[in-house]
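# Tertiary structure, described
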Amino acid sequence: KKYRGRKIILHSTDWTPLKRTNWLIDQFDSLQPKIENSVLLIMEVNLQRTERDKVIKKIKEKNIQNVELCGFIPEDKLPAYYSLADVTVYCGIGEGAGSASYIVLESLACETPVLRTNLTLDEVEHEKTGFLFEPNDTSAFKIFLKKLLDDKNLSTTFGKSGRNFVVQHRSWKNFVLTWEKHFVDILK
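Residues numbered from 1 in each chain as written. Predicted model: local features only at pLDDT ≥ 70, side-chain atom pairs only at ≥ 80, totals over all residues. Heavy atoms only, no water.

## Details of the packing of helix α4 (residues 102-109) against helix α6 (residues 152-169)
Following both chains from N to C, one finds α4 and α6 inclined at 110°, their axes separated by 7 Å at the closest point. When the interaxial angle is binned, α4 and α6 end up roughly perpendicular. Side by side, α4 and α6 meet where Leu 105, Leu 108 and Ala 109 of the first sit next to Gly 159, Gly 162, Arg 163, Phe 165 and Val 166 of the second. Partitioned by chemical class, the residues of the contact of α4 with α6 number five nonpolar, two polar and one charged. (Axes fitted to C-alpha atoms, helices over the stretch in contact; angles between N-to-C directions. Helix = DSSP H or I, 4+ residues; strand = E, 2+ residues; numbered from the N terminus. Parallel < 35°, antiparallel > 145°, perpendicular 65-115°, else oblique. Contact = heavy atoms within 4.5 Å. Nonpolar A, V, L, I, M, F, W, Y, C, P; charged D, E, K, R; others polar.)

Structure, rendered in structure tokens:
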């Protein structure tokens, strides 16, 4: 009820520089006049970071509105957050396995479209389940975020495609079958 009528942007962080939460807050702050009723919810895996303290200081000094640090969210509550969001943002810059993110797949499973960096192509199908952007392309990031927040039909279409993608390609059953095949190949 607290967020009724609001446009919810969801992000998860461990406060390492690779997650670029500070960058996201800067983008959100610059976009706020263009996206009315928006709120950036930040789920936190780790609360004891210098980066977190810097962000809190910046939010206070610049009087950045509508950014909420949610703390650690228990696993059984995560689907509610994913489903509440209009879009999930993953702006991290890790490479290889470091660029994969549970929040991306879990959001897609809850029919929430994702806006993420293009450092992996394994999770988001560009213009089908969300949008991919170059890590430093703030212009594309802002255009894509605004599209997902303003176009409910597009967001719903991406969300349904995202859930379908996860069910078909990233379900636990699919995961086990893939690993089973690899183990059988190795044992031959």
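## Regarding the state of the cysteines
Scanning all chains against the criterion turns up zero disulfides. The thiol of Cys 70 is not disulfide-bonded; the next cysteine sulfur, from Cys 91, is found 15 Å away. For Cys 70, a relative accessible area of 23% corresponds to the partly exposed category. Left unpaired, Cys 110 is separated from the closest cysteine sulfur, that of Cys 70, by 15 Å. Under the relative-accessibility criterion, Cys 110 is labelled partly exposed at 23%. (Disulfide = S-S within 2.5 Å. Buried < 20%, exposed > 50% of the residue type's maximum accessible area, 1.4 Å probe, protein only.)

## Details of unusual backbone geometry
Positive phi values are uncommon outside glycine, yet Trp 15 reaches one of about 70°. Along the polypeptide, Trp 15 turns up in the loop between β1 (7-13) and α1 (21-31). Looking at Trp 15, the relative accessible area reads 1%, which means it is buried. At Asn 37, a position not held by glycine, the phi torsion is positive, near 60°. Take Asn 37: its relative accessible area is 46%, and that puts it in the partly exposed class.

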